[in-house]
Amino acid sequence: MDIITKDAESTQRLGQKIGSTLKGGEIIALTGNLGAGKTTFVQGLAQGLGIMDRLTSPTFILMREYYGELNLYHLDMYRLENNFWEEIRNLGLTDLWGKAGNVVVIEWAEKIKEFLPESTIWIDFIQKEDERIITTDSFEL
Ligand code: ADP
Ligand code: MG
């Protein structure tokens, strides 16, 4: 299934819609180039979870945490280099995911694909000028 959004607000609204359906325990893996709209989507997703904090990109620190009825762990693997398995362990990531009260969203998740569980929800973002083609097998978009 895929959807085309024509502006950032629409991508955010899509994130919000999906965020509001989450039950906790989900791992959502986002793929797509720089500027494809992943962080924009997660901003909406956080709103959909009822998180009021302003969400900023975790590119330079790998992970940001937001606490709410469900906790959101927002990761960005862009900068992750070769020793990444150690970094992932240092983040305590594997203790966070799959926990009932947590939602884990990972940008550039393809970099750690082999470590992600089978149940991971994959969403791909393709940029075409102002349009974004957003594709997933896991949701009705
Ligand atoms: P990423 O996290 O994938 O690198 P960002 O969400 O940080 O991407 O950035 C996307 C940029 O593209 C933002 O500046 C946003 O305003 C712009 N943009 C333009 N059209 C769209 C769209 N349809 N969906 C999402 N972002 C869009
Ligand atoms: Mg981003």
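Throughout what follows, the structure given in this document is the object of discussion. (Residues numbered from 1 in each chain as written. Chains lettered and ligands numbered in written order. Predicted model: local features only at pLDDT ≥ 70, side-chain atom pairs only at ≥ 80, totals over all residues. Heavy atoms only, no water.)

## Points about the sheet that holds strand β1 (residues 2-5)
Strand order in this open sheet of seven strands is β1-β7-β6-β2-β5-β4-β3, and the pairing throughout is mixed. At either end of the open sheet lies a strand with only one pairing partner, and these are β1 and β3 (63-66). Taking the axes of each pair of neighbouring strands and ignoring which way they run, one obtains an average angle of 20° across the sheet. Looking at chain direction, β3 and strand β4 (residues 71-76) are connected through four bridges and run antiparallel. Residue Met 63 lies in a different strand from β4, and its bridge partner there is Leu 75. (Pairing = 2+ DSSP bridges. Helix = DSSP H or I, 4+ residues; strand = E, 2+ residues; numbered from the N terminus. Axes fitted to C-alpha atoms, helices over the stretch in contact; angles between N-to-C directions.)

## What about the pattern of salt bridges?
Across all of its chains, the model carries one salt bridge by this definition. Across the salt bridge formed by Glu 131 and Lys 6, the nearest N and O atoms sit 2.7 Å from each other. Here the residue Glu 131 occupies a position in strand β7 (residues 131-136), and Lys 6 occupies one in the loop between β1 and α1 (8-19), the gap between them amounting to 125 residues. Taking relative accessible area as the criterion, Glu 131 reaches 28% and is therefore assigned partly exposed. (Salt bridge = Lys/Arg side-chain N within 4 Å of Asp/Glu carboxyl O. Buried < 20%, exposed > 50% of the residue type's maximum accessible area, 1.4 Å probe, protein only.)

## Concerning the coordination of the magnesium ion (ligand 2)
Around a metal, the ideal angle is 109.5 degrees if four donors adopt a tetrahedral arrangement and 90 or 180 degrees if six donors adopt an octahedral arrangement. Protein coordination of the magnesium ion (ligand 2) is provided by Thr 39 (OG1) and Glu 107 (OE), with donor distances spanning 2.1 to 2.2 Å. In this pair, Thr 39 sits in helix α2 (residues 38-48) while Glu 107 sits in strand β5 (residues 102-107), placing the two residues 68 residues apart along the sequence. Comparing Thr 39 with Glu 107 shows no difference in burial state: the two are buried. (Donors = N, O, S within 2.8 Å, 3.2 Å for Na, K, Ca; no water.)

## A closer look at the site of ligand 1
Of all residues adjacent to ligand 1, which total 16 residues, the nearest are Thr 11, Gly 35, Lys 38, Thr 39 and Thr 40. At 3.2 Å, a backbone N or O of Asp 7 approaches a nitrogen atom of ligand 1. Between ligand 1 and Ala 36, the relevant distance is 3.2 Å, taken from an oxygen atom to a main-chain nitrogen or oxygen of the residue. Relative to its unbound accessible area of 570 Å², ligand 1 is 72% covered by the protein chains. Contributing elements (two or more residues each) for the shell around ligand 1: α1 and α2. Broken down by element, the shell around ligand 1 gets its largest block of residues, three residues, from α2. (Near = heavy atom within 4 Å. Polar contact = N/O pair within 3.5 Å; in protein donor to acceptor, adjacent residues only side chain to side chain. Areas by Shrake-Rupley, 256 points an atom, 1.4 Å probe, with all protein chains shown as cover.)

## Considering the pairing of strand β6 (residues 121-128)
Across four bridges, strand β2 (residues 27-31) lies against β6 in parallel orientation. Paired with Ile 28 across the two strands is Ile 121, which belongs to β6. Inspection of the sheet shows β6 paired to β7 by six bridges, in the antiparallel sense. Counted as the bridge partner of Gln 127 is Arg 132 from β7. Between β6 and β7, which pair antiparallel and follow one another directly, the connecting turn spans two residues, one of which, Glu 129, has a positive phi of 50°.

## Regarding the packing of aromatic side chains
Taken as a whole and judged by the stated rule, the model has two aromatic pairs. Between Phe 41 and Phe 125, the ring centres sit 5.4 Å apart and the planes meet at 70°, which makes this aromatic pair edge-to-face. Note that Phe 41 is positioned in helix α2 and Phe 125 in strand β6, a separation of 84 residues in sequence. Arranged with centres 4.9 Å apart and planes meeting at 45°, the rings of Tyr 78 and Trp 108 form a pair that is tilted. In this pair, Tyr 78 is assigned in the loop between β4 and α3 (84-91) and Trp 108 in the loop between β5 and β6, connecting sequence segments 30 residues apart. Judged by relative accessible area, Trp 108 falls into the buried class, the value being 13%. Just above the ring of Trp 122 sits the side chain of Lys 113; from NZ or CZ to the centre is 5.6 Å. (Phe/Tyr/Trp six-rings, centres within 6.5 Å; stacked < 30°, edge-to-face > 60°. Lys NZ or Arg CZ within 6 Å of the ring centre and 35° of its normal.)

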